[in-house]
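Descriptive structure summary
These are the residues of each chain, in order.
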Amino acid sequence: MHIFEFTRPADPAAAINVAAQSKTAQQGADVRFLGGGTTLIDLMKLNVETPTRVLDINRLPFGKVEDVPGGGLKIGAAVRNSDLANHAKVQRDYSVLSQAILSGASGQIRNMATTAGNLVQRTRCVYFRDTAMPCNKREPGSGCPAITGSNRTMAVLGASDHCIATNPSDMCVAMAALEAVIHVQGPQGTRAIPIGDFHLLPGDTPSRETVLEPGDLITHVTLPAPIAGSKQVYLKLRDRASYEFALASAAVVMKVDGDNISYIRIALGGVGTKPWRSLEAEAALTGEPANAASFRKAADAALRDAKPQSENKFKIELAKRCLVHALQTAVNG
Ligand SMILES: Cc1cc2nc3c(=O)[nH]c(=O)nc-3n(C[C@H](O)[C@H](O)[C@H](O)COP(=O)(O)OP(=O)(O)OC[C@H]3O[C@@H](n4cnc5c(N)ncnc54)[C@H](O)[C@@H]3O)c2cc1C
Ligand code: SF4
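Residues numbered from 1 in each chain as written. Chains lettered and ligands numbered in written order. Predicted model: local features only at pLDDT ≥ 70, side-chain atom pairs only at ≥ 80, totals over all residues. Heavy atoms only, no water.

**What about the site of ligand 2?**
So the rule is basically this: Any residue with a heavy atom lying within 4 Å of a molecule or strand is counted as near it. Ten residues, namely Ala, Val, Leu, Ile, Met, Phe, Trp, Tyr, Cys and Pro, are considered nonpolar, four, namely Asp, Glu, Lys and Arg, are considered charged, and the remaining ones, Gly among them, are considered polar.
Surrounding ligand 2, one finds 13 residues, the nearest of these being Cys-125, Cys-135, Cys-144, Cys-163 and Ile-164. Residues that form the shell around ligand 2 fall into these classes: 10 nonpolar, 2 polar and 1 charged.

**Quick notes on the confidence of the model for the chain**
Here is the rule we go by: The pLDDT score gives, residue by residue, the confidence of the prediction method on a 0 to 100 scale. The helix and strand labels rest on DSSP assignments: H or I over at least four residues marks a helix, E over at least two residues marks a strand, and numbering proceeds from the N terminus.
Per-residue pLDDT for the chain has a mean of 97; in total, 100% of the residues score no lower than 70. Per-element mean pLDDT across the chain ranges from 95 in strand β1 (residues 5-7) up to 99 in helix α8 (residues 171-177).

**Regarding the environment of Ser-310**
Rules: Accessibility here uses a 1.4 Å probe with only protein chains present; expressed as a share of the type maximum, an area under 20% marks a residue as buried, one over 50% as exposed, and anything in between as partly exposed. Contacts are assigned to residue pairs that have any heavy atoms within 4.5 Å of one another. Whenever a nitrogen or oxygen atom comes within 3.5 Å of another N or O atom, the pair is scored as a polar contact, on the condition that within protein one atom can donate a hydrogen and the other can accept it, and that pairs from neighbouring residues in sequence are kept only if both atoms are in side chains.
Assignment of secondary structure puts Ser-310 in the loop between α11 (292-302) and α12 (314-332). Residue Ser-310 is classed as exposed on the basis of its relative accessible area, which comes to 63%. Spatially, the C-alpha atoms of Ser-310 and Pro-145 are 13 Å apart, while their sequence positions differ by 165 residues. Ser-310 has contacts with Gly-149 and Asn-151, leaving out every residue within four places of it along the chain. At a separation of 3.2 Å, a polar atom in the side chain of Ser-310 contacts the side chain of Asn-151.

**Thoughts on the site of ligand 1**
What counts is decided by this rule: Only the protein chains shown count as cover for residues, and the accessible areas themselves come from Shrake-Rupley with a 1.4 Å probe.
As a structural note, the neighbourhood of ligand 1 is formed by 32 residues, with Phe-33, Thr-38, Leu-40, Thr-114 and Asp-170 the closest of them. Contacts to ligand 1 include Thr-38, whose side-chain N or O atom sits 2.6 Å from an oxygen atom. The separation between an oxygen atom of ligand 1 and a polar main-chain atom of Leu-40 is 2.7 Å. Burial of ligand 1 by the protein chains amounts to 94% of its free accessible area of 980 Å². Going through the elements one at a time, β2 (31-34), α7 (115-119) and β8 (217-223) are the ones with two or more residues in the shell around ligand 1. Its residues assigned to classes, the shell around ligand 1 comprises 15 nonpolar, 12 polar and 5 charged.

Right under this line is the structure:
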């Protein structure tokens, strides 16, 4: 049985001081923060995560959704996924985020899961979750059996020869399209990290998933002022209608003036090793007519660099159709 020390720090500084003693903030970290526990406890039961100290941060003052002066929203790290998805301002001004969160997991899990925990959730790769198997992400240098094995659900964008695991989050895909900023407090002070810079590509260090350093505590996430008049859609395609991760998903924030697209932000889920903002698709659509031909061109641009594995070539066309359908839905809505 895995033995660990469990404490509830009284304030952020106390939590940071203890976590700063960890050798890493990544896989294998000996000190972990505990949010809702829906990822961490799960992985501790499987012996994939084996921290010696678990810091329950649920007493820290990070549980509010607040307005930012001048526009925008500040979302506390401990805000539950359900509360965020059902918040009146999120539903009105950032509906892509509400739709994305509600498409994930189950009601019970969303009631526990926190904003910060969702940002740092781990891949669902079956080899990663099985300690009898090698896995470069879990045990650097041990190999990646997914490349020659079961890879139907793996990534087609951003993979490396060392890891092809998909980032599983729905929330992060919507946050990428909304250009969220992640705020961290750590031993060196505070930093604001645009979500596009928060998750790392696997490269030759797949065990390093984010830019977090030992002691870094996510305190909140900010969303910029909403885009007035924008249409927002999150479309998720999966093997069954609920309680299932995305095979492909698309988050779209779009504004059309006259016949042409004046503002567009696009991110894809289920296909990338990180939440996948597509600047290529955005460039292909900006100033273009909002019609089926432009949408298909943008989808082709988004998946141009996709590299399939033996079992997941279908994801490339699926993701393209997902994006086209999401864009069409945004126009019709
Ligand atoms: C059966 C099942 C189905 C699911 N389906 C989906 C799905 O369809 N879509 C989807 O997006 N997600 C899905 N999830 C994942 C779920 O969204 C995550 O488990 C959840 O968001 C994690 O949040 P948490 O608060 O429980 O994290 P925890 O388990 O508490 O923590 C996760 C990680 O975040 C770190 N952490 C927590 N708080 C902080 C902080 N403030 N600062 C720094 N690090 C922190 C922890 O140390 C840990 O490493 C599913 C999960 C399960 C179990
Ligand atoms: S894809 Fe990544 S997480 Fe899965 S076995 Fe390979 S290295 Fe491990």
